[in-house]
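Here are the chains, one letter per residue:
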Amino acid sequence: MSVAAEAAAAALAAADGEEAEAVVLAERSGLARFAASEVHQPTLIENVVVTLRVVRDGKVGVAVTNKVDEDGLASLVDRARAAADSAVAEPTFPGLAEPAELPDADGFDEATAAQSPEDQARLAAAAIAAAEGLDAYGYYTSGVTELAIRSSTGVDVHQAMTDATALVLAAGEGVSGYAEQCAWRAADVDPAAVAREAAAKAERTRGAQELEPGAYRAVLEPYAIAELLGYFAYDSFGALGLLEERSYLAGRLGQRIADEKVTIVDDALDPRNLPKRFDFEGSPKQRVGLIEDGVARDVVWDRTTAAQAGDGHATTGHAPPAMMRDYGPLPFALALAPGEAGSVEELAELIGDGIYVTRLHYLNIVHPREGVITGMTRDGTFRIRDGKVAEPLVNLRFTVSVPQVLEDVPGLTRKTQLVNASDFYGERYPYGALVPAIATARFNITGAGSRPGL
Amino acid sequence: MRDLCETAVEAALAEGASYADARAVVRRSQSVRTKNGRVEDVNDVESEGIGVRVLVGGAWGFACDRRLDETGAREAAGRAAAFASASPGNHDRGLAPVEPHSGSYRTPVERDPFDVSLSDKVELCLRAGTALEHADVKVAQASVRAQREHKTLVSSEGTAVEQELVETGGGIDAIAAGDGVFQMRSYPSAHVGSSSQAGWEYVEGLALEREAPRVAEQAAALLRADTCPSGVTTVVIDSEQMALQVHESVGHPTELDRVYGTEASYAGTSFLNPGDLDSLRYGSELMNITADATTAGGLGTFAFDDEGVPAARTPIVEAGVLRGFLTSRETAARLGAGGGGSMRADGWSRMPLVRMTNLHLEPGQGTLEQLISEVDDGVYLESNKSWSIDDKRLNFQFGTQIAWEIKKGKLGRMLRDATYTGITPVFWGSLDAVGGPDSWTMVGLTNCGKGQPGQGAHVSHGAAPARFRNVQIGVKA
């Protein structure tokens, strides 16, 4: 039995007699972070975190520990009981999940799980060496995460997941370029190729010019559109945002809200993403169509929001971890459907005159209900002239309505890329977005900021 | 704990480390959140472990282990040394000298927050939530939190210190929605309330229930308020938003690790250069910023940072001129100035980074009313709603939950969806008034992110309302 499954079984046994659910996340990871072409913050983590949810007379309490010995689990049960006794019964609480048949999913690779700290340092070195005359900043990381859930209602599920990411900012005086690769098989990540892509991009950013604010046509690389959609998803693609009228989709389900080329789903079962079989209640993951052919279709649900809606909705397998319940259910496997363009250069031709954006920085939601987000471009912003990627630009402030960005989409690339969406705060739970590059007829630039480079 | 840390340090030295430190951390936190009369969360969380940091051949290594026993300590030390040994690069690191210290510190509290029952915490939130009820308020939520972190630090240079830091906090939010408009008001801060290193007396002092009706009324009124116009004008900014302005446009750019580029791949770098010290004009002569790890109640208060450097109060900007950076021992040695004192780690499983402690805008003179009375035409901005700033901390754009127009020295109509934007040194250069000590308040934020893997930090900022001329407001999508 795995570490996580053992801990889940032990925690549930310690809570014998209670209506209870034990969720265990176990992590073993290494992250070799480098700057100025040397590893400076290498971090190795091993942890097992048990979250015990106890229900007493309809009242719910949660306790968390990483002490998985007998005393630690006994204390965990006592604290969860005390938390439950302090709560107030909630009529719409749907109870703990019942066992359900789970879909199959990939997502675990023995070779990735077996990577040693020396392997991780070696792969970081490969990225550094390939930065071609520029300094490399970034990291190589790989890890194995196990999620196990066991409950008094009979849920007994477990999945081991691997992930690996190489991320490189190649930079020098006045130049910087960015690239990354992410996969659940480390063999699918080539740190040297990532560094070469970043370095090649950086060299083209020398002599960046300013740009007048205004609405521009634009090409967004996968790194950029993945982050933009990720922020839009916080309020607009989850059921809690819908119920609380934060979501742009509130009142618009069934309506056309985007170009018909735009289809966005959440699909944790897609083997090209970081596959997951079940959510943090043990409910099966489902593929959910969010925007299909430009029409708003649905949001992701968990059992709590489905019960609160009270209109026949059911979970789609998107319950968040207990400590993130205030966010409600969130799509952890966004995918934007590809288009017909053979390359980003073809997208630039479709745009004709506009801007080319590699990566975004420090996004924030300005008006959730209108889907307005602000942020900066970074590490590879260029002018597009006569259908060609032309001179470099300084980092630009954008303030865009995401629905406006998606309203008129001249094209998307055929090729999609998995973009890591996790910054590895707290316990490791890798997730990403599978997206193509996209061309948009409207990307609103509202200012200019820093120049590329250090 | 001290024995375990000593074991780890000895094991690291035996593996070839020229320097090692070990931190054993035991953290417990409780949080309660209610929404619309429902109890959404009652959580009791604990986490413990040991983190070992080593220098081998000039290269850093860090590894951690959740087992607070001899095996965990030794294995973490061994893994850290192995990772350091495998690290590529031409390592040449020095550390600014620090006298070895021993001692202990505990946050002074009047009432231990863990002596307050969870039932009482739930009851407080439910009462505050009830007081938020309003016909236009769709979501009324309240939350309180408490945290106790006990940490022991031992270094191979002879430092051995123990600290127990206690935090409490709370806040309320009223979310009004209707006719496609969504508006939110919060108290005492928009970032999950505000926290302080203090006992339960801090939460009681917030008087959430008393403030709730005003918060709900304002959220409802925002549904019908006019949208903030666009233009260049004078802005008066309240203390809470000033706290975030200080955080983003002074705190982060003065972190010396960012100046040297070590955060380039994620949080970004800085528009500042090491040579700017004592010469760069950051803002007007009214701008005085202090880093103070000794502020009573500050979330960045301690006796020693996570490198064992004693807490200090140091000027960062004096009369508008850059006078200091936030430093680690390594970055201070590289700069040849300062001695560290800003290294903080998020628990036991992360490596210490240069972080803000408590960073304050020092008060000036006058009241908020006086600042407003001297404005013929402008906008008063209150409570953060959105925030974004570029990788070098130059171009920022903030939104606030609420605003009022200022006409001939008086507040006029309420405005919604207000934003303002600027370039850091230009904006601070337009500072022409800071409120006096009576209007200076401190906000404790618990959501500052940095590092890969990501680390959260808890920091406090004190500020008085401040006035800036010629500011762009009303950015539209």
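As the structure is a prediction and not an experimental result, all values here were calculated from the model.

A. Here's a closer look at the overall build of chain B. Scanning chain B from terminus to terminus reveals 10 helices and 24 strands. The C-alpha radius of gyration of chain B comes to 23 Å, within 12% of the 23 Å expected for a compact globule of 477 residues. Taking contacts inside chain B between residues at least 6 apart in sequence as the whole, the part at least 24 apart equals 74%. When the accessible surface of chain B is split by element, carbon and sulfur atoms take 47% of a total near 15100 Å². Here chain B contributes 46 positive and 64 negative side-chain charges, whose respective centroids are spaced 4 Å apart.

B. Region of interest: the side chain of B:Q197. All names here are of chain B. Its location among the elements puts Q197 in the loop between β8 (194-196) and α4 (200-206). A distance of 3.5 Å separates a polar atom in the side chain of Q197 from a polar atom in the side chain of T107. At 2.9 Å, the side chain of Q197 and the backbone oxygen of T301 are in polar contact. Setting aside residues no more than four positions away along its own chain, Q197 makes contact with Y105, T107, L165, V166, E167, G297, G298, L299 and T301.

C. Local environment of the domain arrangement of chain B. Residues and elements named next belong to chain B. Along its sequence, chain B is organised into domain 1 (2-224) and domain 2 (227-473). Relative placement of domain 1 and domain 2: their C-alpha centres are 21 Å apart. In this complex, domain 1 contributes 53 residues to the contact, which on the side of domain 2 involves 50 residues. If you sort the residues of domain 1 by the area they bury against domain 2, R23, R53 and H191 come out on top, with a joint share of 16%. Here domain 1 and domain 2 share 6 salt bridges between them. A salt bridge links R53 to E307, with the shortest nitrogen-to-oxygen separation between them at 3.1 Å.

D. Examining the interface of chain A and chain B more closely. Taken together, the contact between chain A and chain B spans 90 residues of the former and 83 residues of the latter. Between chain A and chain B, a total of about 7000 Å² is buried, with carbon and sulfur atoms accounting for 52% of that surface. Linking chain A to chain B there are 9 salt bridges. Measuring nitrogen to oxygen at the nearest pair gives 2.8 Å for the salt bridge that ties A:R79 to B:D44. Between the two partners, chain A and chain B, sit 46 residue pairs in polar contact (both at pLDDT 80 or more). Sort the elements by how many residues they give to the side of chain A that touches chain B and strand β2 (residues 38-56) of chain A lands first, with 11 residues. Split by residue class, the side of chain A that touches chain B holds 40 nonpolar, 30 polar and 20 charged.

E. Region of interest: the pairing of strand β10 (residues 231-237) of chain B. Residues and elements named next belong to chain B. Where burial is concerned, most of β10 is hidden: 5 out of the 7 residues are buried. In this sheet, strand β24 (residues 466-473) lies alongside β10 in antiparallel orientation, the contact comprising 6 bridges. The residue of β24 that forms the bridge with V232 is Q472. As judged from the 4 bridges shared by β10 and strand β17 (residues 377-389), these two strands associate in the parallel manner. Each bridged residue has a counterpart across the sheet, and for I237 the counterpart in β17 is L381.

F. Molecular detail of the pattern of salt bridges. In the structure shown here, the tally under the stated rule is 76 salt bridges over all chains. Here A:D270 and A:R272 are joined by a salt bridge, their closest N and O atoms 2.7 Å apart. Residue A:D270 is classed as buried on the basis of its relative accessible area of 11%. The class for A:R272 is exposed, based on a relative accessible area of 52%. Among the salt bridges present, the one from B:R467 reaches B:E374, with a minimum N-O distance of 2.8 Å. Residue B:R467 is found in strand β24, and its partner B:E374 is found in the loop between α9 (368-373) and β17; the two are separated by 93 residues along the sequence. One network of salt bridges, in which partners are shared, links A:E18, A:R56, A:D78, A:R81 and A:D85.

G. Representation of unusual backbone geometry in the model. With an omega of -5°, the peptide bond running from B:Y187 to B:P188 counts as cis. With respect to the helices and strands, the residue B:P188 is situated in the loop between β7 (181-187) and β8. Looking along the chain, the bond that leaves B:Q452 and enters B:P453 is cis, with omega of 0°. Relative to the helices and strands, B:P453 resides in the loop between β22 (441-450) and β23 (455-463). Even without a glycine there, the phi angle at A:D293 is positive, about 50°. We classify A:D293 as partly exposed; its relative accessible area is 47%.

H. Main features of helix α1 (residues 3-14) of chain A. Residues and elements named next belong to chain A. The terminal C-alpha atoms of α1, which comprises 12 residues, lie 16 Å apart, in line with the 16 Å expected from a rise of 1.5 Å per residue. Looking at α1, one finds that the buried residues are A4, A5, A7, A8, A11 and L12. With its buried residues spanning 165° around the axis, α1 presents them on a single face.

I. Quick look at the packing of aromatic side chains. Residue and element names in this part refer to chain A. For the coordinates displayed, the defined rule picks out 22 aromatic pairs over all chains. Ring plane angle 70° and centroid distance 4.7 Å describe the contact between F332 and Y431, whose orientation is recorded as edge-to-face. Of this pair, F332 sits in the loop between α8 (303-309) and β11 (334-336) while Y431 sits in the loop between β16 (411-420) and β17 (432-448), and the two are 99 residues apart along the sequence. The lysine or arginine in question, K276, covers the ring of Y429, its NZ or CZ lying 5.1 Å from the ring centre.

Analysis parameters
Residues numbered from 1 in each chain as written. Chains lettered and ligands numbered in written order. Predicted model: local features only at pLDDT ≥ 70, side-chain atom pairs only at ≥ 80, totals over all residues. Heavy atoms only, no water. Helix = DSSP H or I, 4+ residues; strand = E, 2+ residues; numbered from the N terminus. Rg over C-alpha atoms; globule rule 2.2 N^0.38 Å. Contact = heavy atoms within 4.5 Å. Areas by Shrake-Rupley, 256 points an atom, 1.4 Å probe, with all protein chains shown as cover. Lys, Arg positive; Asp, Glu negative; His and termini not counted. Charge placed at Lys NZ, Arg CZ, Asp CG, Glu CD. Polar contact = N/O pair within 3.5 Å; in protein donor to acceptor, adjacent residues only side chain to side chain. Domains from an automatic or database assignment. Buried area = accessible area lost by both parts, 1.4 Å probe. Salt bridge = Lys/Arg side-chain N within 4 Å of Asp/Glu carboxyl O. Nonpolar A, V, L, I, M, F, W, Y, C, P; charged D, E, K, R; others polar. Buried < 20%, exposed > 50% of the residue type's maximum accessible area, 1.4 Å probe, protein only. Pairing = 2+ DSSP bridges. Expected span 1.5 Å × (residues − 1). Arc of directions from axis to C-beta. Phe/Tyr/Trp six-rings, centres within 6.5 Å; stacked < 30°, edge-to-face > 60°. Lys NZ or Arg CZ within 6 Å of the ring centre and 35° of its normal.

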